[in-house]
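Commentary on secondary and tertiary structure
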Amino acid sequence: MNNYTNKVVQPDFSKSPRIDKVGVEERVSKFQKRSLKRETKLMGLRMALSMIDLTTLEGKDTIQKVKQMCYKAQHLHDVFPNLPKVAAVCVYPSMVRVASKLLDQSEVKVASVSTSFPSGQSPLKVKLMETKFAISEGADEIDMVISRGKFLAGEYNFVFDEIARIKEVCGNVRLKVILETGELITLDNVRRASEIAMYAGADFIKTSTGKIQPAASMQVTYVMLEAIRDFMDKTGIKVGMKPAGGISNSKLALHNLVMVNEVLGNGWLSNEWFRFGASSLANDLLMQIIKSETGIYQSSDYFSID
Amino acid sequence: MNIWSKVSPSEKSKYIYRIARLMQERARELAIIETLDSGKVIRESRDIDIPLACNHFFYYAGWTDKLQYAFPNKKVSPLGVVGQIIPWNFPLLMAAWKIAPALAAGNTVVLKPAETTSLTALKLAEIIRDSGLPDGVVNIVTGYGDTGAELVNHYDINKIAFTGSTTVGKIIQKSISGSDKKVTLELGGKSANIILEDAPIDQAVEGIINGIFFNQGHVCCAGSRLFVQESIYDIIIKKLKRRIDKLIIGDPLDKNTDIGAINSKEQLNTINNYINIGKSEGSKIFQSSYKLPNKGYYCAPTIFTDVSQSNRIFQEEIFGPVLTIQTFRTIDEVIKKANNSPYGLAAGVWSDKGSRVFNLSSKLRAGVVWANTYNKFDPTSPFGGYKESGFGREGGLHGLSPYINLK
């Protein structure tokens, strides 16, 4: 649990380390060129499956859809035995109760977005209330968004305080802080926002809401991973990472795992510390796993969409 | 028409393009041969050496019919027969750097590859034959130093282009004195890589790694002298060590290998000898803890801290994966220290501030200065040294002028 704020004064965020975009691109391209042999690849595919936060965040979500998703979270592809379950389902606060009832006896967690997701455009009072509501409905994890407008205006203390207040309300419920990197524009900003979130008490930092493009590019995730490592060096506190949005196929998921392993080490290679926010990724992983184990690539019609 | 200098420019261009395309078609084969022959990792031969070699031919193919415009108000003619001697660190790439501009300018070529790495040059000869280039225009002659000496001293040679050690470069210059042979030399280096306190730290660490461990440090422009501003010294060293420990050392043919094998037993001995000198000079050594393969010539990536300007490991070219590190406090200090070397091939500057980069790059006496990157090569960009790193440029328009007569 990240309780850093109680112990030490936070640094001057305007002096966060600078990021060189060209250098980042070059580094990332090296992860993309790593080749994984059969066994390792299969291990990676299974690992990625267990790291998924299966997500539905639509205005038109129905109770039935959430129910279906909760079932799928535990039964990804029953005709094929010994598959892992996903890490969590991620829903709006109004759907938490439904999900939480269905997943009560399961190790699959219920994550709720909060703080006026996806824009974050409401007063702190409302954000606190919404978070409390989600927790009282049974959320195990909270995915909050930062106030990007305030961040871009340079009001870092405002952003920091908001996260810290939400964290207070969360208590032992794990807090993921969504930076919405697609709105932060530069990698310098991604680095700075990562630091603000971690020093303010984030248990996880997360790239995007999935509503804004570009979402979880490997460049952005890489910069956040470096920030996590530096935070660990300075404070001894381990923070998790969740790229979300845009990771729709197995290859990209494996590249991400290679990157986590090389930047942070295998201490982060479990769903306690690394998650994928995705909905379509699961089926692609299933198809690849079955292809690797049986040698046959099946049609997508054999895999349930919800 | 079999006389190359009389072949029309547009025809010349076609031949050179054809060579480039044939090389591209056989890129995989060339990459594997290069790795087998030299010990460099397949990732580098596949992604850097071979594509870049092709690009040099593509680039110079475009110049053949534009020479009059490249050198306005002059009459351009070829030199005649050029002798070219290349080293073992980038066998095919160096052959391309030498042959492509020479052909574009209308010369014929006799090229001698290094004795330890002749295979891709011979493969290139096969490709050139397949391209239909008239017989005798490009000649590849293998052999040791004595073959090189024959070439240098031959009365029919009009120009010598040499890439290799400064020692041999000096011998060549002595042997051609008194003749009217032209010469360009691309020699050794001990290049400075300078990290200022406002640098993008993690990318700078990557740049340091790339600067010194690219091709096992067998790079004439390797960033082998690292200067780190003292306020960020601790963090840079910490991150650098952690990163070095993550480098995968082993079979060069494995796509995941980061650091391959040392080119030859002799070179491994030279490097190990310098590592011992470094220890006896009192510098602190750190080496990757990665387990080296039992078989083959391997050298763990090595860094030396607490090095002084007067140490031999800081002054002499090691040509291996050995980095020497010093700190500095002011910009003036680092400029003085960086320039305090008989070499002047390349340098790197890392800073977030443009004005600092330009200030340093204009004061460093080095042929190439990279800003916030290192070891970047492009056929359009001239490459070459100051001082004992040689003279003459390869690449770009500058790379043509050593191969032509102007009237």
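That block above? That's the structure.
Described below are features of the structure shown in this document. (Residues numbered from 1 in each chain as written. Chains lettered and ligands numbered in written order. Predicted model: local features only at pLDDT ≥ 70, side-chain atom pairs only at ≥ 80, totals over all residues. Heavy atoms only, no water.)

Below, the discussion takes up the overall build of chain A. The secondary structure content of chain A amounts to eleven helices and eight strands. Over its C-alpha atoms chain A spans a radius of gyration of 19 Å, differing by no more than 12% from the 19 Å that the globule rule assigns to 306 residues. Buried positions account for 58% of the 306 residues belonging to chain A. Intrachain contacts of chain A at a sequence separation of at least 6 include 76% that bridge at least 24 residues. Accessible surface for chain A amounts to roughly 12900 Å². Of this, 51% is attributable to carbon and sulfur atoms. (Helix = DSSP H or I, 4+ residues; strand = E, 2+ residues; numbered from the N terminus. Rg over C-alpha atoms; globule rule 2.2 N^0.38 Å. Buried < 20%, exposed > 50% of the residue type's maximum accessible area, 1.4 Å probe, protein only. Contact = heavy atoms within 4.5 Å. Areas by Shrake-Rupley, 256 points an atom, 1.4 Å probe, with all protein chains shown as cover.)

With that out of the way, let us pick up a positive patch on the surface. Residues and elements named next belong to chain A. Where like charges cluster on the molecular surface, the positive patch consists of R38, K41, K251 and K291. By the element assignment, K251 lies in helix α10 (residues 250-263). Among the residues examined, K251 registers a relative accessible area of 59% and is labelled exposed. (Patch = residues over 30% accessible without salt bridge, like charges linked within 9 Å, V, L, I, M, F, W, Y side chains within 5 Å. Salt bridge = Lys/Arg side-chain N within 4 Å of Asp/Glu carboxyl O. Lys, Arg positive; Asp, Glu negative; His and termini not counted. Charge placed at Lys NZ, Arg CZ, Asp CG, Glu CD.)

Right, let's talk about the interface of chain B and chain A for a bit. By a widespread convention, an interface's size corresponds to the accessible area lost as its parts come together. Contact with chain B, which involves 23 residues of that partner, is made by 20 residues of chain A. Contact between chain B and chain A buries roughly 1800 Å² in total, counting both sides, with carbon and sulfur atoms accounting for 37%. Taken together, chain B and chain A are joined by nine salt bridges. When the shortest N-O distance is used, the salt bridge between D202 of chain B and R229 of chain A registers 3.3 Å. One can count twelve residue pairs in polar contact (both at pLDDT 80 or more) joining chain B with chain A. Among the residues making up the side of chain B that touches chain A, the classes are represented as three nonpolar, five polar and 15 charged. (Buried area = accessible area lost by both parts, 1.4 Å probe. Polar contact = N/O pair within 3.5 Å; in protein donor to acceptor, adjacent residues only side chain to side chain. Nonpolar A, V, L, I, M, F, W, Y, C, P; charged D, E, K, R; others polar.)

This part takes up the pairing of strand β3 (residues 109-113) of chain A. Residues and elements named next belong to chain A. Taking burial as the measure, the five residues of β3 include four buried ones, the bulk of the element. Where strand β2 (residues 88-91) meets β3, four bridges bridge the pair, whose relative direction is parallel. Bridge pairing links V89 to V110 in β3. In this fold, β2 hands off to helix α4 (residues 96-102), which returns the chain to β3; that crossover is right-handed. (Pairing = 2+ DSSP bridges. Right-handed = clockwise from strand over helix to strand, strands pointing away.)

This next bit is on the sheet that holds strand β13 (residues 346-350) of chain B. Residue and element names in this part refer to chain B. With mixed pairing, the seven strands of this open sheet are ordered in space as β9-β10-β11-β8-β7-β13-β14. Each end of this open sheet is capped by a strand with a single partner; those strands are β9 (284-287) and β14 (368-371). Each strand axis lies, on average, 20° off the axis of its neighbour in the sheet, ignoring direction. As paired elements, strand β8 (residues 225-229) and strand β11 (residues 322-328) share five bridges and run parallel to each other. By the bridge assignment for β11, R225 is matched with T324. (Axes fitted to C-alpha atoms, helices over the stretch in contact; angles between N-to-C directions.)

Residue and element names in this part refer to chain B. In spatial order, the strands read β4-β3-β2-β5-β6-β16; together these six strands make up an open sheet with mixed pairing. The open sheet is flanked by β4 (138-140) and β16 (390-391), the only strands paired with a single partner. Two strands pair when backbone bridges link them, and strand β6 (residues 182-186) and β16 are joined in this way by two bridges, in the antiparallel orientation. Bridge pairing links E186 to G390 in β16. Strands in contact with helix α7 (residues 145-153) are β2 (81-85), β3 (108-112) and β5 (159-163); relative to β2, the strand with the most contacts, it is inclined by about 155°.

Our focus in this paragraph is the pattern of salt bridges. Residues and elements named next belong to chain A. On inspection of all chains with the given rule, the structure shows 52 salt bridges over all chains. Close ionic contact of R191 with D230 constitutes a salt bridge, the shortest N to O distance being 2.9 Å. Taken together, the residues R191 in helix α8 (residues 187-199) and D230 in helix α9 (residues 218-235) connect sequence positions 39 residues apart.

Time to look at helix α8 (residues 166-176) of chain B. Residues and elements named next belong to chain B. Of the positions making up α8, those classed as buried are T166, G169, I172 and I176. Projection of α8 onto a plane perpendicular to its axis shows the buried side chains occupying an angular sector of 115°, all on one side. For α8, exposure combined with an orientation more than 90 degrees from the buried face picks out T167, I171 and K174. Buried residues along α8 sit against α7, β5, β6 and β12 (343-344). The first or second residue beyond α8 is G178, which carries a positive phi of 90°. (Arc of directions from axis to C-beta.)

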